[in-house]
Amino acid sequence: MRFEDLTPDQRRAAELMTQGGDARIVLTPDRWQNRYYSAPYPQDVLAYASSTANDISGDAFAHIVSLGEQDYAAGLESLRRRIRAAYGVADDVAVVFAPSGTDLEYVALACVADRAERLHNILLGADEVGSGCIHSAHGRYFAKETALGQAVTPGEPVPGLGERVTIEDIAVRDALGHAFTSASIRDRIEQALDGHADAHALVHVVHGSKTGLILPLLEDIDDLLARHQGQATLVVDACQARITSPAIGDYLARDAIVFITGSKFMGGPPFSGFALVPPSLAHKAPALPEGFASIFRRAEWPAGWPGADALEDGANPGLLLRLSASVFELERFQRLSLDRVTRVILAFHAAVRTAMVERLGGRRMAPYPPGHRTEGDAHPIEMRTLSTIDFSGRPGRPDFDEAVRLHKALVDRGIRLGQPVKCVKLEDGRWGATLRLGLSMPQLVGFDALDDAELHARLAADMDRIADAIACA
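Residues numbered from 1 in each chain as written. Predicted model: local features only at pLDDT ≥ 70, side-chain atom pairs only at ≥ 80, totals over all residues. Heavy atoms only, no water.

On to the environment of H120, then. Topologically, H120 is positioned in strand β3 (residues 119–124). Residues H120 and A226, spaced 106 residues apart in sequence, show a C-alpha to C-alpha distance of 19 Å. Once residues lying within four places of it in the same chain are set aside, the contact partners of H120 are T166, I167, E168, A192, H196, A199, H200, A201 and L202. (Helix = DSSP H or I, 4+ residues; strand = E, 2+ residues; numbered from the N terminus. Contact = heavy atoms within 4.5 Å.)

Okay, here's the thing in structure tokens:
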């Protein structure tokens, strides 16, 4: 489908979905795509890019076009109920909406803003979760314009918040690109907590980084919470949406705030997100910082949230449509049985291994530390929907810049993969070439309709086409 061929109703929906965010969702007039080469309408491309951003599926697009004009507050309240039902979480779990995962960092800071004079935000692997989070987790603006269209300066503190926040980033991989163990991450978090005992800490848990890491594990989280009771609040970065309902339940039971976005594994158009806030935090939340009046609208926070009445009582119809598309995909996916999902994922893994590893000589980056395969085997099955392939061992020792060039060359051939990630270091200090291949919820739903022979043939054909393009680019 081309933008020029959309009907008036389709074009209106697509154009709305490019509004009410930041510059990352604006379409270029030459391609009618955003900076990630994705779009808010179905494109005729071969895409395994769910680790970066998706196009909307044909089914979800038809659903969105049929919705017509919606009341913003009522629409978001309906989505809250549907999200809770889809994940099986309790009705007293609060749901806060935002235009992107980057904006969700503000939600966590707001939930604990009264716990201490100073807040210390402990991130894990900032390079593997999103560059803008360095600013928003610091309580600062991350773009030149907010979702309300207000001009701001990146790096400037959000009034009432940013002046009190310090930040620390803990690497999740060593200099060779190997993941650290959960125990070592736990120990480094503990050092950070001990060094900032006068502050209330937000401790980030990575549940699905850009390369599929889950750190630290629950037993190490419990150890930290037991020894630092009252000093730390957990924030789970599950923005890739590669997380099961039981895992969400485990985190909420530990009073963690869970971030999820709708445009990656969930398969909705870019950008949208929501935070699941446990009742222990939502019921005691302080008034929102004054600077949130430049970032959020009233309906994006649950009714009765302290300070929300001071926010603009307007609408962001683009965000509502993007969220509606994402939840449409979530509900379809959650109806699949675990056995059916596993069948498709294992077939995907086999096809990636044959084409990218055995044929092209790539190396699959392990989403667990060396010698800790059991950690990877214990990951939820959704985590296996993402493969990060290191191509730096190919002739010429291609580096990160070459991977960026290759990624763009594939786009020009109608193929879109996940963006390169800096997670492999070469001997000379350069970052190695990586590409990511990921399944999305709508792809899994579509592949589920195929029998075994059709499924393996389809995936083999897709991976062969990608491998051919990589070899020729």
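What follows deals with the side chain of S51. Structurally, S51 can be placed in the loop between β1 (46–48) and α2 (58–67). Those residues within four positions of S51 in sequence are excluded, and the remaining contacts are Q240, R242, K264, L386, G418 and R436.

Scanning all chains against the criterion turns up 12 aromatic pairs. With a centroid separation of 4.3 Å and 20° between ring planes, the pair formed by F3 and W32 is classed as stacked. On the criterion of sequence distance, the pair formed by F3 in the segment before α1 (8–16) and W32 in the loop between α1 and β1 is long-range, its members being 29 residues apart. When its relative accessible area of 4% is taken as the criterion, F3 is described as buried. Considering the side-chain rings of F296 and W301, the 5.3 Å spacing of their centres and the 80° angle between planes classify their relative orientation as edge-to-face. Connected via pairs of aromatic rings, a cluster forms that spans Y106, F142, F292, F296, W301 and W305. Cation over ring: R24 sits above F271, and NZ or CZ is 4.6 Å from the ring centre. Cation over ring: R188 sits above F180, and NZ or CZ is 5.7 Å from the ring centre. (Phe/Tyr/Trp six-rings, centres within 6.5 Å; stacked < 30°, edge-to-face > 60°. Buried < 20%, exposed > 50% of the residue type's maximum accessible area, 1.4 Å probe, protein only. Lys NZ or Arg CZ within 6 Å of the ring centre and 35° of its normal.)

Considering the arrangement of structural elements, one finds A126 in the loop between β3 and α5 (133–136). The class for A126 is buried, based on a relative accessible area of 6%. As a C-alpha pair, A126 and L161 span 35 residues in sequence and 21 Å in three-dimensional space.

The next point concerns the nonpolar core. Within the largest apolar cluster, 90 residues are counted, with the highest numbers of intra-cluster contacts made by Y48, I260, F274, L276, M356, M463 and I466. Residue contributions to this core peak at nine residues, all from helix α11 (residues 338–359). Formed by 37 residues, the second largest nonpolar core is a distinct cluster that contains V112, V152, I257 and A285. (Core = buried A, V, L, I, M, F, W, Y, C linked by side-chain atoms within 4.5 Å.)

So, about the pattern of salt bridges. Evaluation of the coordinates by the stated rule reveals 29 salt bridges. R186 is the salt-bridge partner of D223, the closest N and O atoms lying 3.8 Å from each other. With D223 in helix α7 (residues 218–227) and R186 in helix α6 (residues 182–195), this pair connects stretches of sequence that are 37 residues apart. Between D390 and R363 there is a salt bridge, and its shortest N-O distance comes to 2.9 Å. Taken together, the residues span a long stretch of sequence, with D390 in strand β11 (residues 386–390) and R363 in strand β10 (residues 363–364) at a distance of 27 residues. Looking at D390, the relative accessible area reads 5%, which means it is buried. R363 gets classed as partly exposed once you look at its relative accessible area, which sits at 37%. (Salt bridge = Lys/Arg side-chain N within 4 Å of Asp/Glu carboxyl O.)

Extensive coverage of strand β7 (residues 232–237) is indicated by the burial of six of its six residues. Across the two faces of β7 the burial is the same, with A232, L234 and V236 and T233, V235 and D237 all buried. Inspection of the sheet shows β7 paired to strand β8 (residues 257–261) by three bridges, in the parallel sense. Considered in β8, the bridge of V236 is made with V258. (Pairing = 2+ DSSP bridges.)

What follows deals with helix α13 (residues 400–412). For α13, spanning 13 residues, the distance from its first C-alpha to its last is 19 Å, which sits close to the expected 18 Å at 1.5 Å a residue. On its buried face, α13 sits against β12 (415–417), β13 (434–438) and α15 (452–472). The positive-phi residue at the C-terminal boundary of α13 is G414, with phi of around 80°. (Expected span 1.5 Å × (residues − 1).)

Two faces belong to every sheet, and in a regular strand the side chains alternate between them. Of all five residues in strand β2 (residues 94–98), five are buried; the element is thus mostly enclosed. Burial along β2 is two-sided: A94, V96 and A98 and V95 and F97, pointing in opposite directions, are all buried. Where β2 lies against strand β9 (residues 273–277), five bridges are found, and the strand directions are antiparallel. Bridge pairing links V95 to L276 in β9.

Before going further, it helps to examine unusual backbone geometry. In this structure, the amide linkage connecting L215 to the following residue, P216, adopts the cis form with an omega of -15°. On the secondary structure map, P216 appears in the loop between β6 (214–215) and α7. The omega angle of the peptide bond from P270 to F271 is 0°, so this bond is cis rather than trans. Topologically, F271 is positioned in the loop between β8 and β9. In this structure, W32 is a non-glycine residue whose phi angle is positive, near 55°.

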